Amino acid sequence: MKNKNLGYFTNGLINENPVLRLVLGTCPTLAVTTAAINGIGMGLAATAVLVCSNAAISLLRNIIPDKVRIPAFITIIAGFVSVVQMLVKAFAPSIDKSLGIYLPLIVVNCIILARAEMFASKNPVLPSILDGLGMGIGFTATITLMGAIREILGAGTVFSLPVTSQFISPMIIFLLPPGGFFIFGILVAVSNALAKRKGKDIVMHLGCENCPSRGACNLKDTPESCDEKIIKEATVNE
Amino acid sequence: MNSLTAIASLLLAGILTNNMVLAKFLGICPFLGVSKKVNTALSMSIAVTLVMVISTAVTYPIYKYILSPKYEYLETVVFILVIAAIVQLIEIFLKKFIKPIYNALGIYLPLITTNCAVLGITMLNITNELSYVESLFNALAAGLGFMLAMLLFSGVRERLETAEIPEFLKGLPITLISASLVSLSFLGFAGIGG
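Every chain begins its residue count from 1, and numbering advances along the sequence as written. To label them, take the chains in the order written and letter them from A, then take the ligands in the order written and number them from 1. Residues qualify for local features only when their pLDDT is at least 70, as the model is predicted, and side-chain atom pairs are given and counted only at 80 or more; totals for whole chains, interfaces and linings, by contrast, use all residues. With hydrogens and water stripped out, all remaining heavy atoms of the structure feed into the side-chain values.

To continue, consider the overall build of chain B. Helix numbering and strand numbering both begin at the N terminus, where a helix is a DSSP run of H or I of at least 4 residues and a strand a DSSP run of E of at least 2. When its secondary structure is counted, chain B shows nine helices and zero strands. Counting helices and strands in the order they occur from the N terminus, chain B gives α-α-α-α-α-α-α-α-α. The C-alpha radius of gyration of chain B comes to 18 Å, within 12% of the 16 Å expected for a compact globule of 194 residues. C-alpha atoms of chain B, sized along the principal axes, occupy 55 × 45 × 30 Å. When a residue's accessible area, from a 1.4 Å probe over protein chains only, is under 20% of the maximum for its type it is buried; when over 50% it is exposed; and in between it is partly exposed. Here chain B, with 194 residues, has 54% of them falling under the buried criterion. A contact between two residues is defined here by any heavy atoms of the two lying within 4.5 Å. Across chain B, contacts joining residues at least 24 apart in sequence account for 77% of those joining residues at least 6 apart. What sets the accessible areas is the Shrake-Rupley method with a 1.4 Å probe; for residues, cover comes only from the shown protein chains. Taken as a whole, chain B presents about 8,400 Å² of accessible surface, with 67% of it coming from carbon and sulfur. Our radius of gyration looks at C-alpha atoms and nothing else; its globule reference is 2.2 Å times the residue count to the power 0.38.

Rendered as structure tokens:
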């Protein structure tokens, strides 16, 4: 039993790493990773929301009617996001400033809604909390790593401590949007290569499991990409 | 006259320099998920633009006259629920009254409910302290910017289908790297329109 609980926790760290394996929460991953410290701030804020919302949704899983579950989940998540937002504003105003609009946007972070829908609404409280914690830590670790890489290349520092800025002139492009897409692409390629070596599938596209609107959509649960399904559906309509 | 130039610069910024997807990273999911064919990309972005403008039209007065100044902390909760309801209403309305548009855009609407670009633009309008008219134009510009990015990117992806891709970049990585190049090209607009 204990091992099983541990499994719920470690699942989100590597095997189902939310950023590199499930490709959830791409917007904050790309937007806030201009510095390692932002990664930690964003990651911890999202982890707090994820653990709380997973716990609350798991407790309410038998009460929430299936038809209105998505709005119900969103309301619960938005409540916790507002709490976290006020806490960050009060105790870490500098992080609030650097995360800006992306802090309230945790509410539409795919990771949280996806875990609510795929895990918390079907499992008891303890596994849901552990799942939230594992996913949250996996998210935090990955975006902090990405933030650190972009910070070293783009500013020559890590956590604002000078590393290479003395002898290599920093490449600012890595702090700009193109650098974000590029580094994320390389990280996914590396994670794909590792997964392939272990005989797992590589990530080909963003699928339904990554989509925050999955619950509202009637095209879900097929392995094709969104595009292919929509094209198919559109031709049927005609 | 002044307000006209303000609106023109909002439009320029929203479409080119401050592009929703390529500069602010909002709406990445549809950008990477629904951009394989030019047609679907176009329909998706029309639906997003429509929802953005209508959501702004509704959330702005709610914030100004109901939430402000006492209940500002409810912004997140109220906005996301209002947007989800608006998307549902638009869907029902189109289905009942304008069938051809529903047939063209109906599949995309549910995908937009929890799109961060829509919530993002309604909140940015408040944070940037724009007036009502400016907010509407800002939402329109953001939608058009989203459309431009989607169309350009779907063109790139159609080419990628037949390109020879290095083994380790196959799948999502090459999509992200092409997005990086498209985003790089938008850096060239920096400085236009102030």
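Attention now goes to the overall build of chain A. In terms of helices and strands, chain A carries nine helices and two strands. The N-to-C order of helical and strand elements in chain A reads α-α-α-α-α-α-α-β-β-α-α. Counting every position in chain A, which comprises 238 residues, the buried fraction comes to 54%. Total accessible area on chain A is roughly 10,700 Å²; 68% of this is exposed by carbon and sulfur atoms.

A few words now on unusual backbone geometry. Residues and elements named next belong to chain B. Cis rather than trans, the peptide bond between Ser68 and Pro69 has omega equal to 0 degrees. Examined against the element boundaries, Pro69 turns out to sit in the loop between helix H3 (38-67) and helix H4 (75-97). Despite not being glycine, Glu129 shows a phi value in the positive range, around 55 degrees. One can find Glu129 in the loop between helix H7 (116-127) and helix H8 (132-162). Under the relative-accessibility criterion, Glu129 is labelled exposed at 69%.

A separate point is the packing of aromatic side chains. Any pair of Phe, Tyr and Trp rings, taking the six-membered ring for Trp, is counted once the centres come within 6.5 Å. Such a pair is stacked with planes under 30 degrees apart, edge-to-face with planes over 60 apart, and tilted for the rest. Scanning the entire structure with this criterion turns up nine aromatic pairs over all chains. A centroid spacing of 4.5 Å and a plane angle of 25 degrees characterise the contact between Phe31 of chain B and Phe153 of chain B, whose relative ring orientation is stacked. Of this pair, Phe31 of chain B sits in helix H2 (residues 28-33) while Phe153 of chain B sits in helix H8, and the two are 122 residues apart along the sequence. Here the two residues Phe31 of chain B and Phe153 of chain B agree in accessibility, since each one is buried. Through pairs of rings, three or more aromatic residues link up here, namely Phe181 of chain A together with Phe25, Phe31 and Phe153 of chain B. Two thresholds decide whether a charge sits over a ring: the Lys NZ or Arg CZ must be within 6 Å of the ring centre and within 35 degrees of the ring normal. Looking at Lys96 of chain B, its charged tip hangs above the ring of Phe97 of chain B, at a distance of 6.0 Å from the centre.

Along the chain, the position of Asn123 of chain A falls in the loop between helix H6 (110-120) and helix H7 (125-155). In contact with Asn123 of chain A, other than residues within four places in its own chain, are Ser58, Arg61 and Ser128 of chain A.

All names here are of chain B. In this analysis, axes come from line fits to C-alpha atoms, helices being fitted only over the stretch in contact, and the angle between any two N-to-C directions falls in the range 0 to 180 degrees. Where helix H1 (residues 2-17) meets H8, the closest approach of the two axes is 7 Å, and the angle between their N-to-C directions is 30 degrees. Between H1 and H8, the angle falls in the class roughly parallel. The handedness of the crossing between H1 and H8 is right-handed. Of the residues in H8, those in contact with Ala6, Ile7, Leu10, Leu11, Gly14, Ile15 and Leu16 of H1 are Val133, Glu134, Phe137, Asn138, Ala141, Ala142, Leu144, Gly145 and Leu148. The class makeup of the residues in the contact of H1 with H8 is twelve nonpolar, three polar and one charged. In these notes the angle categories are as follows: under 35 degrees is roughly parallel, over 145 is roughly antiparallel, 65 to 115 is roughly perpendicular, and the rest is oblique. Left-handed describes a crossing whose near helix is turned anticlockwise from the far helix by less than a right angle; the clockwise case is right-handed. Basically, the charged four are Asp, Glu, Lys and Arg, the nonpolar ten are Ala, Val, Leu, Ile, Met, Phe, Trp, Tyr, Cys and Pro, and anything else, Gly included, counts as polar.

Once that is clear, we can look at the confidence of the model for chain A. Think of pLDDT as the predictor's per-residue confidence, scored from 0 to 100. Mean pLDDT over chain A: 84, with 85% of residues reaching 70 or higher. Put simply, helix H9 (residues 226-237) of chain A is where chain A has its lowest mean pLDDT, 65, and helix H3 (residues 36-59) of chain A is where it has its highest, 93.

Nonpolar side chains collect at one region of the surface, where Met171, Ile172, Ile173 and Leu176 of chain A together with Leu181, Leu184 and Leu187 of chain B lie side by side and expose about 570 Å² of accessible area between them. Under the relative-accessibility criterion, Ile172 of chain A is labelled exposed at 55%. Note on patches: the residues involved have over 30% relative accessible area and no salt bridge, like charges join within 9 Å, and the nonpolar side chains Val, Leu, Ile, Met, Phe, Trp and Tyr join within 5 Å. Any Lys or Arg side-chain nitrogen located within 4 Å of an Asp or Glu carboxyl oxygen qualifies as a salt bridge.

One widely used convention gives an interface's size as the accessible area the parts lose upon coming together. The interface is formed by 54 residues belonging to chain A together with 50 residues belonging to chain B. Throughout, the accessible surface (probe 1.4 Å) given up by two parts as they are put together, summed over both, is called the buried area. Both sides of the chain A and chain B interface together cover about 4,300 Å² of buried area, and 77% of this is carbon and sulfur. Counting across the chain A and chain B interface gives one salt bridge. The partner of Lys196 of chain A in a salt bridge is Glu167 of chain B, with the nearest N and O atoms 3.2 Å apart. Polar contact is the term for a pair of N or O atoms within 3.5 Å; when the atoms are in protein, one must be able to donate a hydrogen and the other to accept it, and sequence-neighboring residues count only if both atoms are side-chain atoms. One can count four residue pairs in polar contact (both at pLDDT 80 or more) joining chain A with chain B.

Burial analysis of H6 of chain A places ten of its eleven residues in the buried class, which makes it a mostly covered element. Among the residues of H6 of chain A, those classed as buried are Cys110, Ile111, Ile112, Leu113, Ala114, Arg115, Ala116, Glu117, Phe119 and Ala120 of chain A.

Proteins that are soluble and globular tend to have nonpolar side chains buried together. Judged by nonpolar contacts, the single largest core of 106 residues is most densely connected at Phe181 and Phe184 of chain A together with Phe31, Met52 and Leu119 of chain B. Examining the composition of this core, we find that ten residues originate from one element, H3 of chain B, more than from any other. Excluding residues within four positions of it along the chain, Phe184 of chain A makes contact with Val19, Leu20, Val23, Thr26, Thr29, Leu30 and Met146 of chain A together with Leu176 of chain B. Remark: nonpolar core denotes a set of buried residues (Ala, Val, Leu, Ile, Met, Phe, Trp, Tyr, Cys) joined through side-chain atoms within 4.5 Å. Within the second largest apolar cluster, five residues are counted, among which are Leu160, Leu169, Ile174 and Ile177 of chain B.

All right, on to the layout of surface pockets then. Within this scheme a cavity is a closed region of a 1 Å grid, computed over the protein atoms alone, that accommodates a 1.4 Å probe without allowing it to escape, whereas a pocket is open but has protein on both sides within 12 Å along at least five of seven lines; lining residues each have an atom within 4 Å of a point. Grid points are joined across faces, edges and corners, and a volume is the space filled by probe spheres set on the points. Taken as a whole, the largest pocket spans an internal volume of roughly 550 Å³. Around the largest pocket, the lining is made up of 21 residues, and of these Gln85 and Lys89 of chain A together with Tyr63, Glu75 and Thr127 of chain B lie nearest the centre. At the level of elements, helix H4 (69-91) of chain A together with H3, H4 and H7 of chain B are the ones that each hand at least two residues to the lining of the largest pocket. Its residues placed into classes, the lining of the largest pocket shows eight nonpolar, seven polar and six charged.

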